[in-house]
Amino acid sequence: MTEKDFDSRVRALEEKMYRIARSMLRSDFDCADAIQNAVFAAWRRLSTLREEERFESWLMRILINACRDCQRGYQKRKGEGPLEDTLIESAQGIKNLDLQMALQRLPEKYRLPVLLHHMNGLSVPQISRILILPQTTVKGRIREGLKRLRTMLEEDEE
């Protein structure tokens, strides 16, 4: 893959990368930092990409790792709580405030597959490659995440 090809493919994924980063991180600054780190790491490791058709999944996996590195930085610098307490800005497009709040409370292992699938439109096989999980685990986490969201929303109504 040439530098020009790499650049055009990354640019085509900018919005999706931002939504994923924003679903995991607290600020636009941190998102930009994680995206920049991910793109740099991807460029450095481009030779490890075996199949170019899997570029998107490969890059999103690198991005998720960069976001997790940034989260570890939060906890070291500020002693902040776990990811489950972070605001999910990528869900801001959702008009239902109750749903936004329920997404905030959903543990990362369920929230990330749900957001990748429903907010970013990724398929189960793509999510499986990004999260390095079996497809059946991804399907189960999406199903369980939606079930937990439904339960939280019903409890909030009462």
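Just so it is clear, the structure is predicted and the values come from calculations on it, not from any experiment. (Residues numbered from 1 in each chain as written. Predicted model: local features only at pLDDT ≥ 70, side-chain atom pairs only at ≥ 80, totals over all residues. Heavy atoms only, no water.)

1. Let's talk about the packing of helix H6 (residues 108-119) against helix H7 (residues 124-131)
No. 1: With their axes 10 Å apart at the nearest point, H6 and H7 run at an angle of 135° to one another. Classified by the angle their axes make, H6 and H7 are oblique. Here H6 runs over H7; the crossing is right-handed. Within the contact between the two elements, H6 uses Leu112, Pro113, Leu116 and His117 and H7 uses Val124, Ile127 and Leu131.
No. 2: Looking at the contact of H6 with H7, its residues break down into six nonpolar, one polar and no charged. (Axes fitted to C-alpha atoms, helices over the stretch in contact; angles between N-to-C directions. Helix = DSSP H or I, 4+ residues; strand = E, 2+ residues; numbered from the N terminus. Parallel < 35°, antiparallel > 145°, perpendicular 65-115°, else oblique. Left-handed = near helix turned anticlockwise from the far one by under 90°. Contact = heavy atoms within 4.5 Å. Nonpolar A, V, L, I, M, F, W, Y, C, P; charged D, E, K, R; others polar.)

2. Some words on H6
Residues spaced three or four apart along an α-helix point in a common direction, a consequence of the helix completing one turn every 3.6 residues.
No. 1: Within the sequence span of H6, burial applies to Glu108, Tyr110, Arg111, Leu112, Pro113, Val114, Leu115 and Leu116.
No. 2: Backbone geometry just after H6 places Gly121 at a positive phi near 70°. (Buried < 20%, exposed > 50% of the residue type's maximum accessible area, 1.4 Å probe, protein only.)

3. Looking at the nonpolar core
No. 1: Formed by 36 residues in total, the largest nonpolar core has its most connected members in Leu25, Phe55, Leu63, Ile64, Leu116 and Leu131.
No. 2: Among the elements of the structure, helix H1 (3-12), helix H2 (14-24), helix H3 (28-44), helix H4 (55-78), H6, H7 and helix H8 (135-157) are those that each provide at least two residues to this core.
No. 3: Leu103, Tyr110, Val114 and Met152 belong to the second largest nonpolar core, which has eight residues in total. (Core = buried A, V, L, I, M, F, W, Y, C linked by side-chain atoms within 4.5 Å.)

Purely geometric stuff here, so don't read any function into it on its own.
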